[in-house]
Amino acid sequence: MDAGSHGEVKSERIFRGELRLRGLLRIAPTLPEVAAIVGCAGVRSESADARLTSLEGMAMKEMASGDISAADLARSADLLERIHGTFRGRVVGQDALYTALVTSLLARGHVLLESVPGLAKTTAATTIASAMSGTFSRIQCTPDLMPNDIVGTQMYSYETGTFTTQLGPVHANVVLLDEINRSSAKTQSAMLEAMQEGQTSIGGAVYELPRPFTVMATQNPIEEEGTYVLPEAQMDRFLMKEVLTYPKPSEEVEILTRTATGTFNRRRSENPVTTEDVLFLQNTVQRVYVDDAVKKYIVAIVNTTRGGGPRPIQGLMENIRVGASPRGGLSLMQVGQALALQAGRNYVIPDDVKQLRHAVLRHRLVRTFDALANDVTPEALIDMVFNAVPTP
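Predicted model, so just to flag it, every value in this text is computed and none were measured.

### Notes on the environment of L281
Argument step 1. Following the sequence through the fold, L281 ends up in helix α11 (residues 275-286).
Argument step 2. Separated by 60 residues in sequence, L281 and L341 place their C-alpha atoms 8.7 Å apart.
Argument step 3. Not counting residues within four places of it along the chain, the set of residues in contact with L281 comprises S76, L79, L80, I83, L106 and L341.

### Observations concerning the packing of aromatic side chains
Argument step 1. Scanning the entire structure with this criterion turns up four aromatic pairs.
Argument step 2. Note on F87 and Y98: the rings are 5.0 Å apart at their centroids and 50° apart in plane angle, and the pair reads as tilted. Here F87 is found in helix α4 (residues 70-90), whereas its partner Y98 is found in helix α5 (residues 95-106), with eleven residues between them in sequence. Take F87 and Y98: they sit in the same class, and that class is buried.
Argument step 3. Here the aromatic rings of Y297 and F386 are separated by 6.5 Å at their centres, their planes lie at 85°, and the arrangement is edge-to-face. With Y297 in helix α12 (residues 292-304) and F386 in helix α17 (residues 378-388), this pair connects stretches of sequence that are 89 residues apart. The pair formed by Y297 and F386 is uniform in burial state, with each residue classed as buried.
Argument step 4. Members of the aromatic cluster, each reached through a chain of ring pairs, are Y156, Y158 and F163.
Argument step 5. One cation-aromatic arrangement involves R75 over F280; the distance from NZ or CZ to the ring centre is 3.9 Å.

### Comments concerning the sheet that holds strand β1 (residues 111-114)
Argument step 1. Read across the sheet, five strands follow the order β2-β5-β8-β1-β9 without closing on themselves; strand pairing throughout is parallel. The open sheet is flanked by β2 (136-140) and β9 (240-243), the only strands paired with a single partner. In this sheet, adjacent strand axes meet at a mean angle of 20° when their direction is disregarded.
Argument step 2. In terms of strand pairing, β1 meets strand β8 (residues 214-219) through four bridges, oriented parallel. Counterpart to V111 in the pairing with β8 is M216.
Argument step 3. Together, β1, β2, β5 (174-178) and β8 form the strand contacts of helix α6 (residues 121-131), whose direction differs from that of β5 by roughly 170°.

### Quick notes on the pattern of salt bridges
Argument step 1. Applying the stated criterion across every chain yields a total of 14 salt bridges.
Argument step 2. Ionic pairing is found between R327 and D236, a salt bridge with its closest N-O pair at 2.8 Å. With R327 in helix α13 (residues 326-342) and D236 in the loop between α9 (232-235) and β9, this residue pair connects regions lying 91 residues apart in the sequence.
Argument step 3. Given the relative accessible area of 30%, R327 is considered partly exposed.
Argument step 4. Take D236: its relative accessible area is 13%, and that puts it in the buried class.
Argument step 5. What emerges from the salt-bridge pattern is a single network uniting D236, R327 and R364.

### Looking at the pairing of strand β6 (residues 199-202)
Argument step 1. In terms of strand pairing, β6 meets strand β7 (residues 205-208) through four bridges, oriented antiparallel. Bridge assignment links Q199 to a residue of β7, and that residue is E208.
Argument step 2. Where β6 folds back on β7, the antiparallel hairpin that results is connected by two residues, among which G203 adopts a positive phi of roughly 60°.

Rules used in this analysis
Residues numbered from 1 in each chain as written. Predicted model: local features only at pLDDT ≥ 70, side-chain atom pairs only at ≥ 80, totals over all residues. Heavy atoms only, no water. Helix = DSSP H or I, 4+ residues; strand = E, 2+ residues; numbered from the N terminus. Contact = heavy atoms within 4.5 Å. Phe/Tyr/Trp six-rings, centres within 6.5 Å; stacked < 30°, edge-to-face > 60°. Buried < 20%, exposed > 50% of the residue type's maximum accessible area, 1.4 Å probe, protein only. Lys NZ or Arg CZ within 6 Å of the ring centre and 35° of its normal. Pairing = 2+ DSSP bridges. Axes fitted to C-alpha atoms, helices over the stretch in contact; angles between N-to-C directions. Salt bridge = Lys/Arg side-chain N within 4 Å of Asp/Glu carboxyl O.

Below is the structure:
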């Protein structure tokens, strides 16, 4: 083998090794040996390659193993209580919104919110960002918004005669995409790489997004003129779709009282967690045990939405044109793991799978024209599926 061929093989090994490192950092960022390989700026030898393979095996064994110590559970409970305390101090009510945001954050997912204006979506997003000492960006989507306005662009400097990269607002820990359905399809697609891969491409260079990273997108259901419907491929990228409702009358009274007394604007002694704490919570969620019976239960639910399953529902496919994909089953499991940790458990029970079933599946079912004409809601179809599948 000549020197040129040897250099190409070495470069390929480094490239593949860096790709594997990115995946390993996402699933097990707290493994102590990972930092040693990252410090080598890539996998440059067969020994490092073998060590990376060993670490990948260790990470896979840790995932969903249930091997969570009492100290880790106690630390997780304390961190979650501190996040909840910060949220309660700034947002009145909206328990469903809090659960959706925190669960999505712990499961490394993104959430789509549908509601009328004025229900504290922006306040909730900024509160979650400040509760974990992270950065926050708000992007107001409009028809003339371009992809470069989100991911970033290259700027030419006349002084130096070189291009410099200006990172866009998507490079933050918490990103609020306000009225995402008002942006064009090209701009919407620019978010796919960021949401799925955790990176952006600017001028042929790849830039990693900060970790943790979560997107909260909103859309207004009452104004459809001049909007662009989200394609199914992008809808499926969201871990959950939460539909917010108005607060209770008692909660609205409390909102008025806090506003009149200036409580919302008063500085509080808060104890936020760090981004490293959130990464610890995310890693702990992945170690929550999922029994085979619960996995089979999730698969049975997903298959029932496609007209199969252990107990097929007669006439269901007259209302569902496309059922949930395998990503829907993964989302049910990941949300169940996040809810189990919030409940102080290191294992998932069927009730964890059921709790946020509407939020996980409502945007993954494509209804037929007859279902739309007869006003058959996705929530009714989801409840029909869960009632038909035996609970383990």
